[in-house]
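# Analysis of the macromolecular model
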Amino acid sequence: MKADLILYNAYLALPDRRELSKSALAVKDGRILAVGPYEQLERFVGPETHLIDLEGRVVLPGLSDSHIHGLALGRSLTWADLSEARSIEELLEALRRHERSLGPGDWLIGFGWDHELFSERRLPNKHDLDRVSRERPIVIFRKCWHLCVLNSTALAALGEDELSRLTAKGEALTDPETGEPTGILIEGALEAVRAAMPELRPEKAVEAIQRAVDEALSKGLTCLHWIAEGPTDLAAIMYLWASGRLRIRLYLLFPAHMLPHLRALGLRTGFGDERVRIGALKLMLDGSLGARTAYLKEPYADDPGNRGRLLYKEAELRRLLREAHGSGLQLAIHAIGDGAIELALKALSELPGGPGKARHRIEHASVLNPGLIRAMASLGVVASIQPRFVVSDFWVEQRLGPARARWVYPFKSLLEAGVPLAAGSDAPIEPIDPLEGLLAAVGPPQRPEERLSIWEALGAYTLGAAYASFQERFYGSLRPGMLADLAILSCGPDEFTPEGLEGARVEATFVMGELAFARGALSRELRGG
């Protein structure tokens, strides 16, 4: 048997052994054929074998993102980027610049702002956005994706009845003095906003997905736990898969409203192939810390009287979990506040026969305590974490107080308790780059007692993510027989440290043995140029 590809003079990062190994790696038919000294792999060299000298570069197992809003990421790359705004005035100017690229009738959509960084230290409102335009609908989504602001024209597009309904539910905020809508909407109201926006045409959904995939591949990602929005992106994914144009692997998470359809079709977790698989049912139990809608056991330190919002009643949550679990579906429960996490764990513990080997997941698992960590471990629940939150949520002690802040994003404590960690980005809420997430997990601003080692962090993006998606038999490490999912870094072994990785980048990405991304001089060599 001859190899299709042999990479040599490489340092293979082995998270299962927590070491770098100076080795060669042979690939055949999309899988790793052999690993070892080049002299031992020479027998696999044939006339068609592509030999690549990596000149001492580090090779990682293909990285996973365990929590990504793929369609939103692809669409947001064409919206106004508001992440650099440090005041409402700067936000408005960014919107004005972006508006110049729009056609008549287009909505002006912005994303990524954080009012905690604004000099005004307040949320923008409809009056601010009206200064940009009163003719064109404008909507700007806060970076947490749990709050948005509309101008007067976009509010009118919702319709008077819908706006009244959202106001009655407390999801469309009003001025306490005048009772007028402020244009600020939270949680479930964002679905109404998306419904009012122009419908995404199928070809535009395909383009958005391809943009998201290209971005992921450029960061060394080979498998995405893709949180589907509904039929629009699922149809586009199936089109790309059927036409052979899906260049990455997907583990699909379905919105809770699709449970009846999944049950009717008899679809279960694990159905599919190595390219696209049925994953979990994703449900939102609470909001976000940034919007003060994450559900806490005690009020917010900086907003007394507010404990956040539960998005399901307890009985409804139990019913939904029973139906999904009984249908063979993994559960991925968005729970950020300790109150929401406690309720989710209680409901999981009461499943008929217990959670068993379903590997149910808590997405985010942000505000914890030792008791909740022990409960997660005893139930076999996976913590789907987003290390980059540690950087963005710099205000967490002010929001929660020092006692609770100690147990926010406690990665080391989770791992030491035996809770499996699967890491991701929550893109587009945070940058999709897993190297940024890895660095956030191992160094400041993470508190020292909760920092992971570089191998523990890498494991969360490889072995842990594979475990969380039932793919550990063929993915997550660089062993013979595993899929040839690889990420080649620009750095060598001496730079494989937290300090060295700050300047590293991904130079090539292979998915199932096929070159999916490459840059620079290595690109020419890999492509035979």
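I will try to describe carefully the structure that is included in this document. What you are looking at is a predicted structure, and each value in this text was computed from that prediction instead of being measured.

Let's shift gears to the packing of aromatic side chains. Summed over the entire model, instances satisfying the criterion amount to nine aromatic pairs. Note on Phe141 and Trp145: the rings are 4.9 Å apart at their centroids and 15° apart in plane angle, and the pair reads as stacked. With relative accessibility at 0%, the residue Phe141 sits in the buried group. Three or more aromatic residues joined by ring pairs form one cluster here, namely Trp79, Phe111, Phe141 and Trp145. Just above the ring of Tyr475 sits the side chain of Arg249; from NZ or CZ to the centre is 4.2 Å. Above the plane of the ring of Trp407 lies Arg406, whose end atom (NZ or CZ) is 4.0 Å from the centre.

As summarised here, the arrangement of the eight strands in space is 6-13-14-15-16-17-18-19, forming an open sheet in which the pairing is parallel. Bordering the open sheet on either side are strand 6 (63–68) and strand 19 (421–423), each of which pairs with just one other strand. The mean inter-strand angle of the sheet, taken between neighbouring strand axes irrespective of direction, is 25°. Alignment of strand 16 (residues 330–335) against strand 17 (residues 361–364), held across four bridges, turns out to be parallel. For Ala332, the partnering residue across the bridge sits in strand 17 and is Arg361. Along the sheet, helix 12 (residues 338–349) makes contact with strand 16 and strand 17, crossing strand 16 at roughly 160°.

Turning our attention to the nonpolar core. With 133 residues, the main nonpolar core has Phe141, Leu185, Leu289, Ile362 and Met376 as its most contacted residues. With eight residues, helix 8 (residues 202–217) is the single largest residue contributor to this core. Setting aside residues up to four positions removed in sequence, Ile362 forms contacts with Ile333, Ala335, Ile341, Ala344, Leu345, Leu348, Met376, Val381, Val382, Ala383 and Ser384.

Following the criterion strictly, the structure yields 42 salt bridges and no others. Note that Asp4 and Lys28 form a salt bridge whose closest N and O atoms lie 3.7 Å from each other. Within this pair, whereas Asp4 is found in the segment before strand 1 (5–14), its partner Lys28 is found in strand 2 (residues 19–28), the two being separated by 24 residues in sequence. Between Arg142 and Asp114 there is a salt bridge, with the nearest N and O atoms lying 2.8 Å from each other. Taken as a pair, Arg142 in strand 9 (residues 138–142) and Asp114 in the loop between strand 8 (108–113) and helix 4 (126–130) lie far apart in primary sequence, 28 residues in all. A cluster of three or more residues bridged by salt bridges with shared partners is formed by Glu116, Arg121, Arg292, Asp302 and Arg399.

Scoring rules and cut-offs
Residues numbered from 1 in each chain as written. Predicted model: local features only at pLDDT ≥ 70, side-chain atom pairs only at ≥ 80, totals over all residues. Heavy atoms only, no water. Phe/Tyr/Trp six-rings, centres within 6.5 Å; stacked < 30°, edge-to-face > 60°. Buried < 20%, exposed > 50% of the residue type's maximum accessible area, 1.4 Å probe, protein only. Lys NZ or Arg CZ within 6 Å of the ring centre and 35° of its normal. Pairing = 2+ DSSP bridges. Helix = DSSP H or I, 4+ residues; strand = E, 2+ residues; numbered from the N terminus. Axes fitted to C-alpha atoms, helices over the stretch in contact; angles between N-to-C directions. Contact = heavy atoms within 4.5 Å. Core = buried A, V, L, I, M, F, W, Y, C linked by side-chain atoms within 4.5 Å. Salt bridge = Lys/Arg side-chain N within 4 Å of Asp/Glu carboxyl O.

It is worth stressing that arrangement in space is one thing and function is another; only the former is reported here.
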